[in-house]
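# Summary of structural features
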Amino acid sequence: MERDGRLLWLDALRGFTMVLVVAYHVAQMSFGESERISASLPFLVLFRMPTFFFVSGFLAYKATARWTCASVWRLSWKKVRVQMLPTLVFLCVFLVLRKPHFWDALLACLRSPTKGGYWFTWVLLQMFLVYYLWSWLTRGKGWCVWLLWLLSLLAYETLYVPRVFTYWHRPFYSSSSLLETIKFMQFFLLGNLARRHWGCLTKLFSSRWFFPLCVVLGFLCCADYFRWHFLKLVWTNLPRTLAMYCLLLVLVQCFVRYESLLTPSRPLGHALQFIGQRTLDIYLLHYLFLPRLPEVGAWLNRCHPNFVLDVTLSVGVGLLVIAFCLLVSAVLRTSPFLRLYLFGKR
């Protein structure tokens, strides 16, 4: 279902994923939980960012695109302007408010792979630039995107092969966040391919066997990744990779099948779509408003493991943070200048 050229389920999915992103940071940075102890973080991290990059790749495909030098330059400059300038501005604001020594903290953030938490827009920019350049070189041929997806998948798997592990983990790949790009580029391209072949994919979604297969295979892969550890050495990352793909596909199928419940006329659909259309605003602002609640994390650790409590508290606090981000965003957007240069909207 579309409205004003937008897929309603896709905006809702992006909004849902943004809620998970903020909830993850609440659990990690506000509650002080770690993935080794938390009952929810290790599971949610398997499909949280893959889904975000999947949606970005889905939206990156334009059937009418013409890949010329001029168009690639125009698209690339637009992405640099929209994603880098706001990120640098809000990173500096975050460091001024949260760190005692600004310049030392700024240099440390720029050298780190996570950029003080603001790595997502930088990594997404790298993905867009690679996609634009590849599309220009191959004139946007569909089979070439399949080839790039396969290459990105193979590159990701080599990150955990003992013989090449030390090569990928050199300072350059870490400080440039290229490791993060290699980890998630496959999901960006998967979303792009899904958009290109959406008709075939929806037929697959409507079959009786595909959804149960994804659920069962996802469960078995999660069980091996978290508990069994049957596969060793070069194969050790395979269950985790399959789990990420299965969980992502399960989530996408759920949003596609229940799209009728996510229309703007329904409160849940309206809320998720509004959040989905403000993901950049929320991502840039939410680090400024994360509360410090280590007592909650200590209490959750005493109640470990409790998946329901963990998710409920982190999502509950995360929704409060998102609400405040939307309020501040609405205030900033009243200025056309700030709306353009902070959030890339005219």
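For the structure itself, consult the block above.
All values reported here derive from a predicted model rather than from experimental measurement. (Residues numbered from 1 in each chain as written. Predicted model: local features only at pLDDT ≥ 70, side-chain atom pairs only at ≥ 80, totals over all residues. Heavy atoms only, no water.)

In this section: the side chain of serine 56. Along the chain, the position of serine 56 falls in helix 3 (residues 48-60). Not counting residues within four places of it along the chain, the set of residues in contact with serine 56 comprises Leu124, Phe128 and Phe188. (Helix = DSSP H or I, 4+ residues; strand = E, 2+ residues; numbered from the N terminus. Contact = heavy atoms within 4.5 Å.)

Another point: the side chain of arginine 14. Looking at the element boundaries, arginine 14 is found in helix 1 (residues 8-30). For arginine 14, a relative accessible area of 15% gives the class buried. Of note is the side chain of arginine 14, whose polar atom sits 3.2 Å from the side chain of aspartate 11. (Buried < 20%, exposed > 50% of the residue type's maximum accessible area, 1.4 Å probe, protein only. Polar contact = N/O pair within 3.5 Å; in protein donor to acceptor, adjacent residues only side chain to side chain.)

Another aspect to go through is unusual backbone geometry. The phi angle at arginine 139 is positive, at roughly 60°, despite the residue not being glycine. Relative to the helices and strands, arginine 139 resides in the loop between helix 6 (119-138) and helix 7 (142-158). The phi angle at serine 177 is positive, at roughly 65°, despite the residue not being glycine. By the secondary structure assignment, serine 177 is in the loop between helix 9 (171-175) and helix 10 (178-196). Serine 177 gets classed as buried once you look at its relative accessible area, which sits at 0%.

The next subject is the pattern of salt bridges. Inspection of the entire model under this criterion finds three salt bridges. The partner of arginine 14 in a salt bridge is aspartate 11, with the nearest N and O atoms 3.2 Å apart. Taken as a pair, arginine 14 and aspartate 11 lie in helix 1 at a separation of three residues, close to a single helical turn. For the pair shown, arginine 14 and aspartate 11 are each scored as buried. Across the salt bridge formed by aspartate 281 and arginine 333, the nearest N and O atoms sit 2.7 Å from each other. Of this pair, aspartate 281 sits in helix 15 (residues 279-286) while arginine 333 sits in the loop between helix 17 (307-332) and helix 18 (336-343), placing them 52 residues apart in sequence. (Salt bridge = Lys/Arg side-chain N within 4 Å of Asp/Glu carboxyl O.)

What follows deals with the packing of helix 4 (residues 69-98) against helix 15. Relative to each other, helix 4 and helix 15 sit at 25°, their axes nearing to 9 Å. One element, helix 4, and the other, helix 15, form an angle in the roughly parallel class. Judged by the sense of rotation from one axis to the other, the crossing of helix 4 with helix 15 is right-handed. Here Val82, Pro86, Thr87 and Phe90 of helix 4 lie close against helix 15, whose contacting residues are Leu280, Leu284 and Leu285. In terms of residue class, the contact of helix 4 with helix 15 is built from six nonpolar, one polar and no charged. (Axes fitted to C-alpha atoms, helices over the stretch in contact; angles between N-to-C directions. Parallel < 35°, antiparallel > 145°, perpendicular 65-115°, else oblique. Left-handed = near helix turned anticlockwise from the far one by under 90°. Nonpolar A, V, L, I, M, F, W, Y, C, P; charged D, E, K, R; others polar.)

Turning our attention to the packing of aromatic side chains. A complete count under the given rule lists 37 aromatic pairs for this structure. Taken together, a centroid distance of 6.2 Å and an interplanar angle of 70° make the contact between phenylalanine 43 and phenylalanine 307 edge-to-face. Taken together, the residues phenylalanine 43 in helix 2 (residues 41-44) and phenylalanine 307 in helix 17 connect sequence positions 264 residues apart. Between phenylalanine 337 and tyrosine 341 the ring centres are 4.9 Å apart and the planes differ by 45°, which places this aromatic pair in the tilted class. Of this pair, phenylalanine 337 and tyrosine 341 are both found in helix 18, four residues apart, which corresponds to roughly one turn of the helix. Three or more aromatic residues joined by ring pairs form one cluster here, namely Phe52, Phe53, Phe94, Tyr118, Trp119, Phe120, Phe184, Tyr283 and Tyr287. (Phe/Tyr/Trp six-rings, centres within 6.5 Å; stacked < 30°, edge-to-face > 60°.)

This paragraph deals with the environment of phenylalanine 102. Mapped onto the elements of the fold, phenylalanine 102 is located in helix 5 (residues 102-111). The exposure class of phenylalanine 102 is partly exposed, given its relative accessible area of 22%. Along the chain, phenylalanine 102 and cysteine 92 lie ten residues apart, while their C-alpha atoms are 8.0 Å from each other. In contact with phenylalanine 102, not counting residues within four places along its chain, are Cys92, Leu95 and Val96.

Next up on the list: the nonpolar core. The tendency in soluble globular proteins is for nonpolar side chains to be buried as a group. One finds Trp9, Phe53, Tyr118 and Phe188 to be the most contacted residues of the largest nonpolar core, which totals 99 residues. Among the elements that make up this core, the one with the highest residue count is helix 1 (twelve residues). Ignoring sequence-local partners within four residues, the contact set of phenylalanine 188 consists of Phe53, Phe54, Ser56, Gly57, Ala60, Leu124, Met127, Phe128 and Tyr131. (Core = buried A, V, L, I, M, F, W, Y, C linked by side-chain atoms within 4.5 Å.)

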